[in-house]
Amino acid sequence: MMIVVLLLRSVQPAEISPLGRLQPIPRREEIKIEDKISKDESLDLRDIDKEYFYYELKKLYKRKMLPLELSSQFGHFASPPLGPADFDAKPMVLLLGQYSVGKTSFIRSLIGRDFPGQRIGPEPTTDRFVAVMYGEDERTIPGNALTVAPNSPFRALQREGNHFLARFEGSMCDSPLLEHITLIDTPGVLSGEKQRVARNYDFDVVVQWFAERVDLIILLFDPFKLDISDELMSVIKGFKGHEDKVRVVLNKADQVSQQQLMRVYGALMWSLGKVLETPEVCRVYVGSFHDEELKDPDTAPLLAAEMADLLADLRDLPHQSAMRRVNELVKRARLLKAHLYLLDHLRDQMPNVYGFDRKKKELLDTMPAQFRAVCRARGLSPGDFPDITKFSQVAKELDFVHFPRINGTRLKKGKALADLEKALADQIPALMEYLPRGRATQHNGTTVEPQQVITSPTGQFATHASTISEAPHAQIISSEDAPTYYAKSSSG
């Protein structure tokens, strides 16, 4: 008598294919973009790809970078580890400048209305950091509550302590623009002892944290406050490595004549040239962001064109957010790679038995030479290395003997760093294939133009919120090479 034993094994759920065969349902991460497009060719590429793209980007960071950051105490030298909210957050815009240059009025002109907690006046009125965000229930949220809220992109600010959190709040406002971006209003940069004594938190550190995470930094001046104080200079120098995000705005430009505006513009360019320390001349937008008509008819067309250019940058932020996330992640990965090689080098220089303190002091005193040695030995770019002064200050408090070795067990005998380099070389470029591609100008014989910012006959820009927040619509026409086409919105 033969006994047949049937071994049952678990199988994935299945569905009936058009040919009648059972086909396993692919897991979420196995679903390819071509499979989704084939079901509906009219789908928007951003709608198809966005969730999958961010899912894969978060997975890559968690598996390839986060273990290295934790093993090397990267958060002490640079910024804290990233969380899911850092990837999922809306694009953020940081506004900086001296007091009464029009930062809060700039926000009000963009959203077309007042927002909770708004303070406007000729004296220093905004005495706190305010995150102006979208919310149907309009209210203000204290800093401590905002940093512990679910999916909050500001959780890492808890480490700045209660002194800062008492000067930080969220402003929930029902504005169409805020459905796409978040605006960060800041206290005016003070001069002299007020900047150091009146604030019981490190203003420069907080600004640097925001600079690392925002998508755009708008630095405002007005014709009557062109002097760049030492405190403002320190803040601007904290933007090192993020210069591509900075936009300089000469606000309230309609309050001076055409001849005065020319002189003011030249003086501002001269001052910025000394501070930014770059051979390239930065772009300065000239405008007047308020709710009234432009006062000087001679400069009105110029100001309207300049403001339209700046608003176009803001309008493009939601479309460029995915690419900026990749850019910031690659920048962080390159910094992490240089950081690991530095710690490995310092660990190798330490003695095995005694003389630890003497050798540590010697290494700290010759840190620039150690940076150069690692740069030459590993073939790295000097631009990938951290600031020497800040690195030395943090390293002074740590034990060099406990730094991880590249070939040590904590870094999986070199495999962890090799996986990071592979992610930079292969996985991230492959993931970028899911991003929307270039703009086209023809579709079925019809010219498709990008949405434009509308200006009124008087030169003043119109329909603030609707113009910026109406995202141009992208349409898929091919599953093979899916370029993005932009069409005018119905309101445009």
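Residues numbered from 1 in each chain as written. Predicted model: local features only at pLDDT ≥ 70, side-chain atom pairs only at ≥ 80, totals over all residues. Heavy atoms only, no water.

From N to C terminus, the chain includes 17 helices and 15 strands. When the 492 residues of the chain are sorted by exposure, 47% land in the buried category. Contacts spanning at least 24 positions in sequence make up 75% of the contacts within the chain whose residues lie at least 6 apart. Summing over all exposed atoms, the chain offers an accessible surface of approximately 25600 Å²; the carbon and sulfur share of this is 52%. (Helix = DSSP H or I, 4+ residues; strand = E, 2+ residues; numbered from the N terminus. Buried < 20%, exposed > 50% of the residue type's maximum accessible area, 1.4 Å probe, protein only. Contact = heavy atoms within 4.5 Å. Areas by Shrake-Rupley, 256 points an atom, 1.4 Å probe, with all protein chains shown as cover.)

Let's shift gears to the pattern of salt bridges. Scanning all chains against the criterion turns up 26 salt bridges. Among the salt bridges present, the one from D365 reaches K361, with a minimum N-O distance of 3.1 Å. One end of the pair, D365, and the other, K361, are both in helix 13 (residues 356-365), four residues apart, so they sit about a helical turn from each other. On the basis of relative accessible area, D365 is assigned to the exposed category, the value being 52%. Its relative accessible area of 53% is what places K361 among the exposed residues. One connected set of salt bridges, linked through shared partners, spans D86, E212 and R213. (Salt bridge = Lys/Arg side-chain N within 4 Å of Asp/Glu carboxyl O.)

So, about helix 10 (residues 230-237). Residues that lie three or four places apart on an α-helix share one face, since the helix turns once every 3.6 residues. Of the residues making up helix 10, those classed as buried are E231, L232, V235 and I236. Projected down its long axis, helix 10 carries its buried residues within an arc of 135°, all on one side. (Arc of directions from axis to C-beta.)

Turning our attention to unusual backbone geometry. The backbone phi angle of N151 is positive, close to 60°, even though this residue is not glycine. Tracing the backbone shows N151 in the loop between helix 6 (143-148) and helix 7 (161-165). Of note, the phi angle at K412 is positive, near 55°, even though the residue is not glycine. The exposure class of K412 is exposed, given its relative accessible area of 56%.

Another aspect to go through is the packing of aromatic side chains. Applying the stated criterion across every chain, the model contains 17 aromatic pairs. Aromatic pair F129 and F164: ring centres 5.6 Å apart, planes at 65°, arrangement edge-to-face. With F129 in strand 4 (residues 129-134) and F164 in helix 7, this pair connects stretches of sequence that are 35 residues apart. Relative accessible area serves as the criterion here: at 0%, F129 is assigned to the buried category. Residue class for F164 comes out buried when judged on its relative accessible area of 0%. A ring pair is formed by F129 and Y201, whose centres lie 6.4 Å apart and whose planes are at 65°; its orientation type is edge-to-face. (Phe/Tyr/Trp six-rings, centres within 6.5 Å; stacked < 30°, edge-to-face > 60°.)

Burial runs high along strand 8 (residues 216-221): six of the six residues are buried. Taking every second residue as pointing to the same face, both faces of strand 8 are buried, with L216, I218 and L220 on one and I217, L219 and F221 on the other. As judged from the five bridges shared by strand 3 (residues 92-97) and strand 8, these two strands associate in the parallel manner. The residue of strand 8 that forms the bridge with G97 is L220. Pairing analysis gives five bridges linking strand 8 to strand 9 (residues 246-250), with the strands arranged parallel. Bridge pairing in strand 9 links I218 to R247. (Pairing = 2+ DSSP bridges.)

A few words now on the pairing of strand 3. On a regular strand, one side chain projects to one face of the sheet and the next to the other, so that they alternate. In terms of burial, strand 3 is largely enclosed, as six of its six residues are buried. Of the two faces of strand 3, the one lined by M92, L94 and L96 and the one lined by V93, L95 and G97 are each fully buried. Pairing analysis gives three bridges linking strand 3 to strand 7 (residues 182-185), with the strands arranged parallel. Among the inter-strand pairings, V93 is bridged to a residue of strand 7, identified as L183.

Before going further, it helps to examine the sheet that holds strand 8. As summarised here, the arrangement of the eight strands in space is 5-6-4-7-3-8-9-10, forming an open sheet in which the pairing is mixed. Of all strands in the sheet, those bounded by a partner on one side alone are strand 5 (139-142) and strand 10 (284-286). Neighbour to neighbour, the strand axes of the sheet diverge by 25° on average, direction disregarded. Pairing analysis gives four bridges linking strand 5 to strand 6 (residues 168-173), with the strands arranged antiparallel. Among the inter-strand pairings, R139 is bridged to a residue of strand 6, identified as M172. Its contacts with the sheet place helix 12 (residues 300-349) against strand 3, strand 8, strand 9 and strand 10, and it is angled at close to 130° to strand 10. (Axes fitted to C-alpha atoms, helices over the stretch in contact; angles between N-to-C directions.)

Close inspection of predicted coordinates is inappropriate for parts of the model with low pLDDT. Per-residue confidence for the chain gives a mean pLDDT of 77; residues scoring 70 or more make up 75%. This stretch, residues 1-46, has a pLDDT under 50; its non-local contacts, to residues over four places away or in other chains, come to 54 contacts. This stretch, residues 438-492, has a pLDDT under 50; its non-local contacts, to residues over four places away or in other chains, come to 115 contacts. (pLDDT = per-residue confidence, 0-100.)

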